[in-house]
Amino acid sequence: MVKRKSTSSSDSMEGWNYEAKVIEIEGIIARIEAGELELEEVFDQFGKAVEYLRQCEGFLQQRQQQVDLLIETLSDE
């Protein structure tokens, strides 16, 4: 079983850039679609893209929680 890195803590997100990861994902997809990669490399790159997507999802969930908390704080006042 593959062990996944947790992206839930803010320390693991330090220096991490959402837009840069999206660009990397788009680049991987473009290379796969263009047929530039050998089959083994397609699988490796696809795995990398999936991990980046998980990181992006975790980032967005974390930010959504922060927004929800701010909205809740405003509602309480």
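Structure report, in brief. All values reported here derive from a predicted model rather than from experimental measurement.

### Quick word on the pattern of salt bridges
Item 1. The tally for this structure, following the rule as stated, stands at two salt bridges.
Item 2. With a shortest N-O distance of 3.9 Å, E24 and K21 are connected by a salt bridge. Note that E24 and K21 are positioned in helix α1 (residues 18-34) at a spacing of three residues, about one turn of the helix.
Item 3. Assessed through its relative accessible area of 34%, E24 is described here as partly exposed.
Item 4. Classification of K21 by relative accessible area gives buried; the value is 14%.
Item 5. Ionic pairing is found between R54 and E51, a salt bridge with its closest N-O pair at 3.9 Å. In this pair, R54 and E51 are both assigned in helix α2 (residues 39-76), three residues apart and thus about one turn of the helix distant.

### With respect to α1
Item 1. In this model, α1 (17 residues) spans 24 Å end to end at C-alpha, consistent with the 24 Å of a helix rising 1.5 Å per residue.
Item 2. Of the positions making up α1, those classed as buried are K21, I25 and I28. End-on view of α1: buried residues confined to an arc of 60°, all on one side of the axis. Looking at α1, the residues exposed on the side facing more than 90 degrees away from the buried face are E19, I23, E33 and A34.
Item 3. Here the buried face of α1 lies against α2.
Item 4. Between the side-chain oxygen at the start of α1 and the backbone nitrogen of E19 there is a gap of 3.0 Å, and the oxygen is on N17.
Item 5. After α1 finishes, the residue G35 shows a positive phi value of roughly 75°.

### Considerations on a negative patch on the surface
Item 1. On the surface, E38, E40, E41 and D44 cluster together into a negatively charged patch.
Item 2. Looking at where D44 falls in the secondary structure, it is placed in helix α2.
Item 3. Classification of D44 by relative accessible area gives partly exposed; the value is 46%.

About the cut-offs
- Residues numbered from 1 in each chain as written.
- Predicted model: local features only at pLDDT ≥ 70, side-chain atom pairs only at ≥ 80, totals over all residues.
- Heavy atoms only, no water.
- Salt bridge = Lys/Arg side-chain N within 4 Å of Asp/Glu carboxyl O.
- Helix = DSSP H or I, 4+ residues; strand = E, 2+ residues; numbered from the N terminus.
- Buried < 20%, exposed > 50% of the residue type's maximum accessible area, 1.4 Å probe, protein only.
- Expected span 1.5 Å × (residues − 1).
- Arc of directions from axis to C-beta.
- Contact = heavy atoms within 4.5 Å.
- Polar contact = N/O pair within 3.5 Å; in protein donor to acceptor, adjacent residues only side chain to side chain.
- Patch = residues over 30% accessible without salt bridge, like charges linked within 9 Å, V, L, I, M, F, W, Y side chains within 5 Å.
- Areas by Shrake-Rupley, 256 points an atom, 1.4 Å probe, with all protein chains shown as cover.
- Lys, Arg positive; Asp, Glu negative; His and termini not counted.
- Charge placed at Lys NZ, Arg CZ, Asp CG, Glu CD.

Remember, this is a structural readout, not a statement about activity or role.
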